[in-house]
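# Residue-level structure breakdown
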Amino acid sequence: MKKIRLAIVGCGGMGHRHLYGLAELHRAGWEHFELVGACDPVRGNAESLADQAAGYFGSRPSVVSALDGLTALGVEAVDVTTTPRYHHTVAVETLGRGWHTMVEKPVGLTVRACNLIRRAAEASNGILSVAENYRRDPINRLAKALLNAGAIGVPR
């Protein structure tokens, strides 16, 4: 299977957390991606993420300060972990470039912003997804298993 050429856009705290998640997937044997870019207007954030990625994956992604820099890297997908106020502007642009786009929550700060992203996704060949982790959180999975088993009766 061909590896997906991926970039993290927004390399602050949330970007580093997403990098850790990618590293866990890689460690577990799910190696269907290649992190090729770390994109952040704050160069120190992108350098930090790229350095950590090199330790996890054995190769260091290129550091760029804007989305234009990712085009030359052959990016196919992006993980948008910027400050929430920029989620919609970045996602609209990445979808417009045809890149598969995962957006950290909140998708947008307003319904209008979310609708802009939705329309961009509908007009794009890229896939839009939202980084939602609570569904897979161990305590929530336990709660669902207990509900399914009828441990507390029938919810109503």
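Everything numeric here is computed off the predicted structure, so don't read it as measured data. (Residues numbered from 1 in each chain as written. Predicted model: local features only at pLDDT ≥ 70, side-chain atom pairs only at ≥ 80, totals over all residues. Heavy atoms only, no water.)

### Structural notes on the sheet that holds strand E4 (residues 77-80)
- Read across the sheet, six strands follow the order E3-E2-E1-E4-E5-E6 without closing on themselves; strand pairing throughout is parallel. For this open sheet the edge positions go to strand E3 (62-64) and strand E6 (128-131), each flanked by a neighbour on one side alone. The sheet shows a mean angle of 25° between the axes of neighbouring strands, taken without regard to direction.
- Here four bridges tie strand E5 (residues 100-104) to E6, and the two strands are oriented parallel to one another. If you follow Val-103 over to E6, its bridge partner there is Val-130.
- On top of the sheet, helix H4 (residues 87-96) reaches strand E1 (4-9), E4, E5 and E6; it is set at about 170° to E5, its chief contact. (Pairing = 2+ DSSP bridges. Helix = DSSP H or I, 4+ residues; strand = E, 2+ residues; numbered from the N terminus. Axes fitted to C-alpha atoms, helices over the stretch in contact; angles between N-to-C directions. Contact = heavy atoms within 4.5 Å.)

### Looking at the pattern of salt bridges
- One pass over the structure, following the stated rule, counts 10 salt bridges.
- For Glu-47, the salt bridge goes to Arg-43, with nearest N and O atoms at 3.2 Å. Taken together, the residues span about one helical turn, with Glu-47 and Arg-43 both in helix H2 (residues 43-57) at a distance of four residues.
- For Glu-47, the salt bridge goes to Arg-60, with nearest N and O atoms at 2.4 Å. Taken together, the residues Glu-47 in helix H2 and Arg-60 in the loop between H2 and E3 connect sequence positions 13 residues apart.
- Here Arg-60 falls in the partly exposed class, since its relative accessible area comes to 40%.
- Here the residues in one salt-bridge network are Arg-43, Glu-47, Asp-51 and Arg-60, joined through shared partners. (Salt bridge = Lys/Arg side-chain N within 4 Å of Asp/Glu carboxyl O. Buried < 20%, exposed > 50% of the residue type's maximum accessible area, 1.4 Å probe, protein only.)

### Structural notes on the packing of helix H1 (residues 13-27) against H2
- Interaxial distance between H1 and H2 falls to 10 Å at its minimum, and their mutual angle equals 10°. By the criterion of interaxial angle, the relationship of H1 to H2 is roughly parallel. Residues Gly-15, His-16, Leu-19, Tyr-20, Leu-22, Ala-23 and His-26 of H1 form the contact with H2, whose own contacting residues are Asn-45, Ser-48, Leu-49, Gln-52, Ala-53, Tyr-56 and Phe-57. (Parallel < 35°, antiparallel > 145°, perpendicular 65-115°, else oblique.)

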